[in-house]
Amino acid sequence: MILLISASQVSRITGELEKQYTPSKWTVRLGAEETLKTFSQIGSQAWPFLVFVHGGYWQYGSKDESAFMVNPLTAQGVAVVVVAYDIAPKGTLDQMVDQVARSTVFVQKRYPCNEGIYLCGHSAGAHLAAMMLLTNWTKHGVTPNLRGFLLISGIYDLEPIVSTSVNAPLHMTLEGARRNSPQWHLEAAPVKPADPACPVLVIVGQHDSPEFHRQSREFYQRHASSHFPAQTLCTRGWKASFEELHDVDHFEIIWNLTQEDDVLNQVEPWPFPLVAAIHSGQHGPFSPIEFEEGSF
Ligand SMILES: N[C@@H](CC(=O)c1ccccc1NC=O)C(=O)O
């Protein structure tokens, strides 16, 4: 059989074929251009990342119990990384600090197009996150795109706990406690994060103990004083703020991250995309990003 078709028919057919093989022309919810833009953003993994470091006095807790804040965040396009680290007695403080640094570096290397890495830690996790303020990233080969720190009910000077039962599995010497106390190394912080305006939000719960209040206040403190002569976040030039959250204890302060009307909404001004996520109260699918020690 011989089939005769004209040039105009060919172009109509190829035009139709073109359309058939252009999936963006068939999208329903968004226009072609917007769909492609959205898709390329997802493809380039240009998300903000919230890296969460759990608490538990460096001797209990795990990543598996610590993904409770994931849903409201992922619903807002924030990728959440829940860090696992070797708690005592397996891990030492020095190792835990190094593991959190390497986890942060892993996120930067794996997702170089990220729209910022926000380090958030609770209690002992806030201590580990705060140690990242002091990290010399040059030895890791990359400076993470750190855009914010959210330090919740943390401890920044470990010396007072050396003589408490908390130290039993940690075996910290006074020297080790000092070495791992961000409070005592602010003046020596080698490199600030890439963004010099990287905000640091220090938060403590109203019903946290007076010692926890003191630790947060002194780490943040606006001016050095004769009463407290050490360097602080503020005196070292960090863009820091301090909040005492009303009517929450050491545990509620972090549990509330799961809730739509989270008390952290009251924090003003909030420098993190976290706030938008928590404000929205929309819970998306649970999709944590997990990686293990062996993968970095
Ligand atoms: N043994 C402590 C528990 C504790 O400090 C804690 C428990 C869960 C998550 C964080 C904690 N504290 C600091 O990391 C207590 O009885 O309060």
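Here is what the cut-offs are and how they apply
- Residues numbered from 1 in each chain as written.
- Predicted model: local features only at pLDDT ≥ 70, side-chain atom pairs only at ≥ 80, totals over all residues.
- Heavy atoms only, no water.
- Helix = DSSP H or I, 4+ residues; strand = E, 2+ residues; numbered from the N terminus.
- Buried < 20%, exposed > 50% of the residue type's maximum accessible area, 1.4 Å probe, protein only.
- Contact = heavy atoms within 4.5 Å.
- Areas by Shrake-Rupley, 256 points an atom, 1.4 Å probe, with all protein chains shown as cover.
- Core = buried A, V, L, I, M, F, W, Y, C linked by side-chain atoms within 4.5 Å.
- Salt bridge = Lys/Arg side-chain N within 4 Å of Asp/Glu carboxyl O.
- Near = heavy atom within 4 Å.
- Polar contact = N/O pair within 3.5 Å; in protein donor to acceptor, adjacent residues only side chain to side chain.
- Pairing = 2+ DSSP bridges.
- Axes fitted to C-alpha atoms, helices over the stretch in contact; angles between N-to-C directions.
- Parallel < 35°, antiparallel > 145°, perpendicular 65-115°, else oblique.
- Left-handed = near helix turned anticlockwise from the far one by under 90°.
- Nonpolar A, V, L, I, M, F, W, Y, C, P; charged D, E, K, R; others polar.
- Phe/Tyr/Trp six-rings, centres within 6.5 Å; stacked < 30°, edge-to-face > 60°.
- Lys NZ or Arg CZ within 6 Å of the ring centre and 35° of its normal.

Asks: Quick question: what am I supposed to make of the overall build of the protein here?
Replies: When helices and strands are tallied, the protein shows 9 helices and 6 strands. Looking at the protein as a whole, 48% of its 296 residues are labelled buried. Residue pairs in contact within the protein that sit at least 24 positions apart in sequence constitute 76% of those at least 6 positions apart. Of the roughly 14,700 Å² of accessible surface on the protein, 56% is carried by carbon and sulfur atoms.

Asks: Teacher, can you tell me more about the nonpolar core here?
Replies: Soluble globular proteins tend to bury their nonpolar side chains together. Ranked by internal contacts, the top residues of the largest apolar core, which has 54 residues, are W58, M132, F149, L151, V200 and L233. Sorting the residues of this core by element identifies β1 (49–53), β2 (79–83), α4 (93–110), β3 (117–122), α5 (124–131), β4 (146–152), β5 (199–205) and α7 (210–220) as the ones contributing at least two each. For this core, the element with the most residues is α4, which contributes 8 residues.

Asks: Which parts of the structure should I look at to understand the pattern of salt bridges?
Replies: In a structure, side chains of opposite charge can pair up when their charged atoms sit close to one another. Under the definition given, this model contains 8 salt bridges. A salt bridge links D86 to K90, with the shortest nitrogen-to-oxygen separation between them at 3.5 Å. Judged by relative accessible area, which is 25%, D86 ranks as partly exposed. With a closest N to O distance of 3.4 Å, R102 and D98 form a salt bridge.

Asks: Teacher, can you tell me more about the site of the ligand here?
Replies: Taken together, G55, G56, Y57, Y60, S123, A124, H250 and F251 make up all the residues around the ligand. A distance of 2.7 Å is found between an oxygen atom of the ligand and a backbone nitrogen or oxygen belonging to G56. Contact between the ligand and Y57: an oxygen atom at 2.7 Å from a main-chain N or O atom of the residue.

Asks: What is the right way to read the environment of E187 from this model?
Replies: The residue E187 is located in the loop between α6 (174–179) and β5 in this model. Using a relative accessible area of 42% as the deciding quantity, one classes E187 as partly exposed.

Asks: Please clarify how the sheet that holds strand β6 (residues 239–245) should be interpreted in this entry.
Replies: Strand pairs in the sheet, formed through backbone hydrogen bonds, run parallel or antiparallel to each other. Ordered in space as β2-β1-β3-β4-β5-β6, the 6 strands form an open sheet in which the pairing is parallel. Taken across any chain shown, the strands that pair with only one partner, and hence form the sheet edges, are β2 and β6. Strand after strand, the sheet turns through a mean of 15° between neighbouring axes, direction not considered. The pairing of β5 with β6 spans 7 bridges and is classified as parallel. Across the sheet, the residue bridging to I203 is E243, located in β6. Of the strands in this sheet, β1, β2, β3 and β4 are in contact with α4, which crosses β3 at around 150°. Its contacts with the sheet place α7 against β4, β5 and β6, and it is angled at close to 160° to β5.

Asks: Teacher, can you tell me more about α7 here?
Replies: Residues spaced three or four apart along an α-helix point in a common direction, a consequence of the helix completing one turn every 3.6 residues. Turning to α7, its buried residues number three or more, namely F212, H213, Q215, S216, E218, F219 and Y220. On its buried face, α7 sits against α5, β4, β5 and β6.

Asks: What is the right way to look at the packing of α4 against α5 in this model?
Replies: Think of two packed helices as two axes; the pair is described by the angle between the axes and how far apart they sit. Where α4 meets α5, the closest approach of the two axes is 9 Å, and the angle between their N-to-C directions is 65°. On the basis of their axis angle, the class for α4 and α5 is roughly perpendicular. Between α4 and α5 lies a crossing whose hand is right-handed. On α5, the residues that touch L93, M96, V97 and V100 of α4 are H127, L128 and M131. Across the contact of α4 with α5, the residue classes tally to 6 nonpolar, 1 polar and no charged.

Asks: Just checking my understanding: could you explain the packing of aromatic side chains for this structure?
Replies: The geometry of two aromatic rings is summed up by the distance between their centres and the angle between their planes. Evaluation of the coordinates by the stated rule reveals 9 aromatic pairs. With a centroid separation of 5.9 Å and an interplanar angle of 25°, the aromatic rings of Y57 and W58 are classed as stacked. Considering the side-chain rings of F251 and W255, the 6.3 Å spacing of their centres and the 35° angle between planes classify their relative orientation as tilted. On the basis of relative accessible area, F251 is assigned to the partly exposed category, the value being 47%. Given a relative accessible area of 54%, W255 falls into the exposed group. Taken together, the aromatic side chains of W47, F49 and Y111 make up a single cluster linked through ring pairs. Above the plane of the ring of W26 lies K19, whose end atom (NZ or CZ) is 5.0 Å from the centre. R178 extends its terminal NZ or CZ atom over the ring of W184, reaching a point 4.5 Å from the ring centre.

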